[in-house]
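Here are the chains, one letter per residue:
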Amino acid sequence: MRAALVAGLLAGYGVAVPVGAVGAYVVALTARTSLRTGACAALGVAAADGLYALVAAAGGGGLAPLLEPVAGPLRIGSALVLLALAAHTAHTALRRRAGAAAPPEQTPPAPGRAFLTLLGITLLNPLTVLYFAALVLGGGGQDAATSGTLARAVFVAAAFAASASWQLLLASGGALLGRALTGPRGRLLTALGSSALVAWLAVRLLVA
């Protein structure tokens, strides 16, 4: 259970920590509406991450016996994918460090609409499902994917909790500090920190 918990937490934080367009929007939305609206938006992002973690964990468990003969090459391929994702995040942050948050809407959304909007936006992000699939099928979440229903549930719950805690932190930052975390330095540091975490997970796959 501990391995599944740690894998889920690392996966959730690895995909949630970069303050990209979605994170910047959560901060800006909270700053101009309310903490309740921002929290609902944050939970929409976390719900999408949790759904992707569930799909990856369930699929990984079913595919694991079939993929066992090619586990070595698959682990290397997954590690390369994770390294590419880390490099992409860092490269984008360094290139577009001065990018602005999404423009404000004429009528701020209600909490329910904010949740559904951010859920839909995050579900449309192909990097999210690619990240979880590479991590689980490559071995980063293998304990959660192959050790039974309870371990899979722990992995998914931990990934959701990690994503939700970070997104709620962004919402709280929007309420307390306005646009502070959407500035160039904040976006750069969070993106580079997440890139380092994802790269570390990829190295773990290569040396496993």
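Owing to the predicted nature of the structure, the values given are computational and were not obtained by experimental measurement.

Right, let's get into the overall build of the chain. Along the backbone of the chain there are 9 helices and 0 strands. Starting at the N terminus and walking to the C terminus, you meet the elements of the chain as α-α-α-α-α-α-α-α-α. In the chain, buried positions account for 41% of the 208 residues. Carbon and sulfur atoms form 69% of the exposed surface of the chain, whose accessible area is close to 10,000 Å².

Taken over all residues, the pLDDT of the chain has a mean of 74, while the share at 70 or more is 67%. Element-level mean pLDDT values for the chain span from 46 in helix α7 (residues 142–146) up to 88 in helix α5 (residues 111–123). Taken as a whole, residues 100–106 scores under 50 in pLDDT and shows 7 contacts with residues more than four places along the chain or in a different chain. Taken together, the stretch residues 140–146 has pLDDT below 50 and engages in 21 contacts with residues farther than four places along the chain or on a different chain.

With that out of the way, let us pick up the side chain of Q167. Within the element layout of this structure, Q167 appears in helix α8 (residues 149–177). Q167 sits in the buried class, given a relative accessible area of 4%. Once residues within four sequence positions are removed from consideration, Q167 is found in contact with A16, V26, A42 and V45.

Locating T122 in the fold gives a position in helix α5. There is a polar contact of 2.7 Å between the side chain of T122 and the backbone oxygen of L118.

We now examine a nonpolar patch on the surface. Residues I76, L80, V203, L206 and V207 make up a contiguous nonpolar surface patch of about 450 Å² in total accessible area. At the level of secondary structure, the elements contributing two or more residues to the nonpolar patch comprise α4 (71–95) and α9 (184–207). The class of I76 is partly exposed, set by a relative accessible area of 45%.

On to the environment of G120, then. Among the structural elements, G120 can be located in helix α5. The exposure class of G120 is partly exposed, given its relative accessible area of 28%. Taking the C-alpha atoms as reference points, G120 and G44, separated by 76 residues in sequence, lie 8.1 Å from one another.

For A151, the location among the structural elements is in helix α8. Each C-alpha atom, one on A151 and one on A4, is 5.8 Å from the other, the two residues being 147 residues apart in sequence.

Let us look at the nonpolar core. Membership of the largest hydrophobic core comes to 19 residues, with the highest contact counts inside it found for A11, A53, Y131, F132 and F155. V26, L29, A41 and A114 belong to the second-largest nonpolar core, a separate cluster that totals 14 residues.

Conventions we followed
Residues numbered from 1 in each chain as written. Predicted model: local features only at pLDDT ≥ 70, side-chain atom pairs only at ≥ 80, totals over all residues. Heavy atoms only, no water. Helix = DSSP H or I, 4+ residues; strand = E, 2+ residues; numbered from the N terminus. Buried < 20%, exposed > 50% of the residue type's maximum accessible area, 1.4 Å probe, protein only. Areas by Shrake-Rupley, 256 points an atom, 1.4 Å probe, with all protein chains shown as cover. pLDDT = per-residue confidence, 0-100. Contact = heavy atoms within 4.5 Å. Polar contact = N/O pair within 3.5 Å; in protein donor to acceptor, adjacent residues only side chain to side chain. Patch = residues over 30% accessible without salt bridge, like charges linked within 9 Å, V, L, I, M, F, W, Y side chains within 5 Å. Salt bridge = Lys/Arg side-chain N within 4 Å of Asp/Glu carboxyl O. Core = buried A, V, L, I, M, F, W, Y, C linked by side-chain atoms within 4.5 Å.

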